[in-house]
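Architecture at a glance
The residues making up each chain are set out below.
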Amino acid sequence: VVFPEGTRSVDGRLGPLKSGPFDLALKGKMPVQPVAVLGSYAVWPKGFAAPRASGEILVRVGDPIDTTGLKGGAGRKELARLTREAFLALGVPDRD
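These numbers come from a predicted model, not from an experiment.

Counting its regular elements, the protein chain contains three helices and two strands. N-terminal to C-terminal, the α/β element order of the protein chain is α-β-α-β-α. Reported as C-alpha extents along the three principal axes, the dimensions of the protein chain are approximately 45 × 25 × 25 Å. Out of the 96 residues belonging to the protein chain, those deemed buried represent 28%. Within the protein chain, contacts between residues separated by at least 24 positions form 64% of all contacts whose residues are at least 6 apart in sequence. Taken as two groups, the 14 positive and 10 negative side-chain charges of the protein chain have centres that lie 7 Å from each other.

What follows is about the pattern of salt bridges. Counting across every chain of the model gives six salt bridges. Among the ionic pairs, aspartate 11 bridges to arginine 13, the shortest N-O distance being 2.8 Å. Classification of aspartate 11 by relative accessible area gives partly exposed; the value is 25%. Measuring nitrogen to oxygen at the nearest pair gives 3.2 Å for the salt bridge that ties aspartate 11 to arginine 95. Here aspartate 11, found in the segment before helix H1 (20-28), pairs with arginine 95, found in the segment after helix H3 (72-89); they are 84 residues apart in sequence, far enough to count as distant. Judged by relative accessible area, arginine 95 falls into the partly exposed class, the value being 32%.

Moving on, we get to H3. End to end, H3 covers 26 Å across 18 residues, agreeing with the expected 26 Å (1.5 Å per residue, within 8%). Among the residues making up H3, those that are buried are Gly75, Leu79, Ala80, Thr83, Ala86 and Phe87. Taken around the axis of H3, the buried residues stretch over an arc of 135°, which confines them to a single face. More than 90 degrees from the buried face of H3, the exposed residues found are Ala74, Lys77 and Ala89. Buried residues in H3 make contact with H1 and strand S1 (35-38). Glycine 91 lies just past H3 and shows a positive phi near 105°.

Turning to the environment of alanine 42, a few remarks are in order. With respect to the helices and strands, alanine 42 occurs in helix H2 (residues 40-43). On the accessibility criterion, alanine 42 (52% relative accessible area) is exposed. Separated by 31 residues in the primary sequence, alanine 42 and aspartate 11 place their C-alpha atoms 9.1 Å from one another. For alanine 42, the contacting residues outside a window of four places in its chain are Arg52 and Ala53.

This paragraph deals with the side chain of threonine 67. Here threonine 67 lies in the loop between strand S2 (58-61) and H3. For threonine 67, a relative accessible area of 7% translates into the label buried. Those residues in contact with threonine 67 that sit more than four places away from it in its chain are Ala25, Leu26, Lys29, Met30, Pro31, Val32 and Leu79.

About the thresholds
- Residues numbered from 1 in each chain as written.
- Predicted model: local features only at pLDDT ≥ 70, side-chain atom pairs only at ≥ 80, totals over all residues.
- Heavy atoms only, no water.
- Helix = DSSP H or I, 4+ residues; strand = E, 2+ residues; numbered from the N terminus.
- Buried < 20%, exposed > 50% of the residue type's maximum accessible area, 1.4 Å probe, protein only.
- Contact = heavy atoms within 4.5 Å.
- Lys, Arg positive; Asp, Glu negative; His and termini not counted.
- Charge placed at Lys NZ, Arg CZ, Asp CG, Glu CD.
- Salt bridge = Lys/Arg side-chain N within 4 Å of Asp/Glu carboxyl O.
- Expected span 1.5 Å × (residues − 1).
- Arc of directions from axis to C-beta.

Here you go:
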């Protein structure tokens, strides 16, 4: 499991995606499986040692993203773009 933001969200919205997870997927010739965890920020915000509230956490799984034919820096950028789109389609709020 790799988290492409690199850390937990500071506000519950999708931040910039790091390049490392996409390099790993391309080098391994593996698809990327987008999984969105929604509602966890309200229950357990970043910086708290324990949950601060009860609530519902929803996990949504998107379709795998094929990496076939993606190579180099351009392939990494395209894979990151496709992954961001998948997260947004799964309901992750965007920071922009």
